[in-house]
Amino acid sequence: MKNCEYQQIDPQALPTPTPTPPPHHGKDTEKKKEPRRPRRKWEVFPGKNRFYCDGRIIVARQSGVLPLTLGLILVTSGLFFIFDCPFLVKHLTSCIPVIGGVLFVFVLITLLQTSFTDPGILPRATPDEAADIEKQIARLRSLCFGSDNTGNTSYRPPPRTKEVLINQQVVKLKYCFTCKMFRPPRTSHCSLCDNCVERFDHHCPWVGNCVGKRNYRFFYTFIVSLSFLTAFIFGCVTTHLALRAQGGKGLVFALQESPGSAVELVICFFSVWSILGLSGFHTYLVASNLTTNEDIKGSWSGKSGEDVTNPYSQKNIFINCCSVLCVPMPPSLIDRRGFLPTDESAQTGSADIELPTLAAKSEINVCTQGTKGLLESAALSPLLSTSCPQGKPQNAHSCPETSPALNSDPTSEFSKGCRGNHTSSSHGDTSHPRHTKARSKKCKREALHIPNPAFDVPVSPTSPDAAPDSKAGSHKGGSLTPLH
Amino acid sequence: MFHNLQELRHSASLANKVFIQRDYSEGTTCKFQTKFPSELESRIERTLFEDTVKTLNNYYAEAEKIGGQSYLEGCLACATAYLIFLCMETRYEKVLKKIAKYIQEQNEKIYAPRGLLITDPIERGMRVIEISIYEDRGSSGSSSGSSSVSGSTAR
């Protein structure tokens, strides 16, 4: 935690502010070719993201295990369509590949939308805003300290927190030192993405992105449809093998005839419980208008003995579901494709002032909304310490480090109710900013599957590692500059 | 007195900025505080300012409203795997355009003549309404603006 000493910042003494604090250490090659080209805002975005297609696609520096997730889904579904569908169509009904196809497409689309959508990143405060907040803090402290010299008996708020009353419930807003602002309620700072995310649920390495306000509905639809798909494939494969083994031929014979089914069976068997459980957990969260983050920390469960209730819950399951899933889609607040103000306008006082003409303003507004940019905005993130906290302690024991296992395994059987352990580990999460991919991947494999060479074969441990790196390498070679 | 936005840009220099913070008393819905900042006391009438903020709050409430129509839209969007968001402008985006137009209009009619400029909250991540206070750069006329504005920085 940074020290709480601060200085009064006089906004008039500030150097010409730019929209982004960090220096531009990555020179983009395009700028060298065309020194006068106006730069887009994604080129100076301070978070740990990379951008492609001139800001249309946003990814994190490492793509997490999204390739693994995609691989598992594609492989399992592919095997299903190749090995099981022909037999089942012949012996049962031709609806089976149709239903399977619809579910598969649904799962894929919602997965990509979850991964590539801006989860609700809050742009960092402009220098003027930061200065204004510093003044506010100074005022608050002087009010608290001013009346009592010793400071012992007067109420001292903890440094840099603000309390607001939301529906008669006191909520503490914390100050984010990176983004230089008081975080709105339910907002949390993701250390891997280095962004504050609104209505932060958790960072999911399977999806390679934070799950927040804007992409929670995609995430929820993804896990629900994935549970249907997994259960459907599992049922079909079981039926297929049962039909083949009929007539005294035996299961071994059936497996020999259709080896792909064996692979599917194993993958689905181990996935279906965790994914079904995850869907159930998130259904509970949606119905009570909670985020995973709040549930883990026990923000509204009254652990501290106070009479606390969730101020965001409407006390009605249907209304809660609608306010989480059916609320109008909020816009993306980071304007990736907007242009930076030119130097001339910066000299009038601040680059932040919207003096530009109406045309530029409307362009910025249109860019901000990014209707077309939804699916194009990828926000894959590296593995993280505060990732899917549904990870189980049982799985943690199988891994050398407990917190990475907990953090990196979102799909273990949480139904056994290990929330208490989650709380203790989640507090340690922030001290583990990153995990190596290999470590957490190992944990995930151990957590999710019994080590079994039969199904390790299609999912080669090295390929997901290699793939993102090669992808990253190929993207780096592209003309668009990755950030940081 | 500044008569339009262009004059503001050319003949004035930025003196100060006032930030209207969010009002979270009703939850995380977008709503700004209507408390009149003291820095603007000498610049604009309280009622005008409050009207502007209240209208903006109403716009945001309209954008985020949950009702029969939003349930239907949500179900339809889910049924299409949310691909519909790629094809259609969302309700929020439509309202944001209206807001941008409204702010532009308010700036032209009310705020620029008083040496003030409102920045659309969407450009500040919906955290604040930033009001820039300008003072006349060197014209012989209104010097009253500068003295009252420079006084407001020392608080």
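Residues numbered from 1 in each chain as written. Chains lettered and ligands numbered in written order. Predicted model: local features only at pLDDT ≥ 70, side-chain atom pairs only at ≥ 80, totals over all residues. Heavy atoms only, no water.

**A word on the UniProt feature "transmembrane region" (unreviewed entry) in chain A**
All names here are of chain A. Filter applied, for reference: UniProt positions are given in the numbering used here, feature names are shortened, and annotations may be inferred rather than shown by experiment. Labels follow the DSSP assignment, with helices taken as runs of H or I lasting at least four residues and strands as runs of E lasting at least two, numbered in each case from the N terminus.
Taking the UniProt record as the reference, the feature "transmembrane region" (unreviewed entry) is found at residues 65-83, 89-112, 218-243 and 263-287. Along residues 218-243, the helical share is 100% and the strand share 0%, with 37 Å between the first and last C-alpha atoms. Here residues 263-287 is 100% helix and 0% strand, with 36 Å between the C-alpha atoms at its ends.

**Some points on the environment of A:Leu243**
All names here are of chain A. Which entries qualify depends on this criterion: Exposed residues in this analysis have more than 50% of their type's maximum accessible area, buried residues have under 20%, and partly exposed residues fall in between, with area computed by a 1.4 Å probe over protein chains only. Contacts between residues were defined by any pair of non-hydrogen atoms, one from each residue, lying within 4.5 Å.
You can see leucine 243 is positioned in helix 5 (residues 216-244). For leucine 243, a relative accessible area of 25% corresponds to the partly exposed category. When the C-alpha atoms of leucine 243 and alanine 254 are compared, they prove to be 8.5 Å apart, with eleven residues separating the residues in sequence. With sequence-adjacent residues up to four places away left out, leucine 243 is seen in contact with Phe87, Leu88, His91 and Leu92.

**Remarks on unusual backbone geometry**
Excluding glycine, most residues fall at negative phi; most peptide bonds, likewise, are trans. If you check the backbone angles, A:Lys180 has positive phi at about 60° while not being a glycine. With respect to the helices, strands and loops of the structure, A:Lys180 is situated in the loop between strand 5 (169-176) and strand 6 (181-182).

**Some points on the confidence of the model for chain A**
Just so we agree on the cut-off: In predicted models, pLDDT denotes the confidence assigned by the predictor to each residue on a 0 to 100 scale.
Considering every residue of chain A, the mean pLDDT works out to 69; 58% of them sit at 70 or more. Low confidence marks residues 15-33 of chain A, where pLDDT is under 50. Its contacts with residues over four positions away, or in another chain, come to 31 contacts.

**Considering the pairing of strand 4 (residues 161-166) of chain A**
Residue and element names in this part refer to chain A. We apply this condition: When DSSP locates at least two bridges between a pair of strands, those strands are taken to pair.
Bridge count for strand 4 against strand 5 is six bridges, and the pairing is antiparallel. Of the residues in strand 5, the one forming a bridge with leucine 165 is valine 170. Linking two consecutive strands that pair antiparallel, namely strand 4 and strand 5, is a turn of two residues; a positive phi of about 50° is found at asparagine 167 within it.

**Here's the deal with the sheet that holds strand 8 (residues 195-197) of chain A**
Residue and element names in this part refer to chain A. The sheet built from three strands is open, its strands ordered 3-8-7 with antiparallel pairing. Since the sheet does not close on itself, it has two edges, and those belong to strand 3 (121-122) and strand 7 (188-190), each with one partner. Bridge count between strand 3 and strand 8: two bridges; the pairing is antiparallel. Across the sheet, isoleucine 121 pairs through a bridge with valine 197, a residue of strand 8.

**With respect to helix 2 (residues 46-63) of chain B**
All names here are of chain B. Heads up, the condition is: One less than the number of residues in a helix, times 1.5 Å, gives the span that helix is expected to have. This arc is taken over the directions from the axis of the helix to the C-beta atoms.
Counted at 1.5 Å a residue, the expected span for helix 2 with its 18 residues is 26 Å, and the 26 Å between its end C-alpha atoms agrees. For helix 2, the complete set of buried residues consists of Phe49, Thr52, Val53, Leu56, Asn57, Tyr59, Tyr60 and Ala63. Buried residues along helix 2 cover an arc of 160° about the axis, so they all sit on one side. More than 90 degrees from the buried face of helix 2, the exposed residues found are Thr47 and Asn58. Where helix 2 is buried, its residues touch strand 1 (12-21), helix 5 (91-111), strand 2 (116-119) and strand 3 (128-136).

**Here's the deal with the pairing of strand 2 of chain B**
Residues and elements named next belong to chain B. Alternating residues of strand 2 divide into Leu116 and Ile118 and Leu117 and Thr119, and every residue in both groups is buried. Sheet topology places strand 2 next to strand 3; four bridges connect them, and they run antiparallel. Bridging across to strand 3, isoleucine 118 finds its partner in isoleucine 131.

**Some words on the nonpolar core**
In a soluble, globular protein the nonpolar side chains are often hidden away together inside. Worth spelling out the cut-off: We call a set of buried Ala, Val, Leu, Ile, Met, Phe, Trp, Tyr and Cys residues a nonpolar core when their side-chain atoms join them within 4.5 Å.
Counting residues in hydrophobic clusters, the biggest one holds 52 residues, and the most contacted among them are A:Ile73 and A:Phe222. If you list the elements that add at least two residues to this core, you get helix 2 (66-91), helix 3 (95-116), strand 4, strand 5, helix 5, helix 7 (259-287) and helix 9 (317-325) of chain A. By residue number, the principal contributor to this core is helix 5 of chain A, which donates twelve residues. Apart from residues lying up to four places away in sequence, A:Phe222 is in contact with A:Thr69, A:Ile73, A:Val107, A:Thr110, A:Leu111, A:Thr114 and A:Val207. Core analysis: the second largest hydrophobic core is formed by 40 residues, A:Leu122, B:Tyr59, B:Tyr60 and B:Val95 among them.

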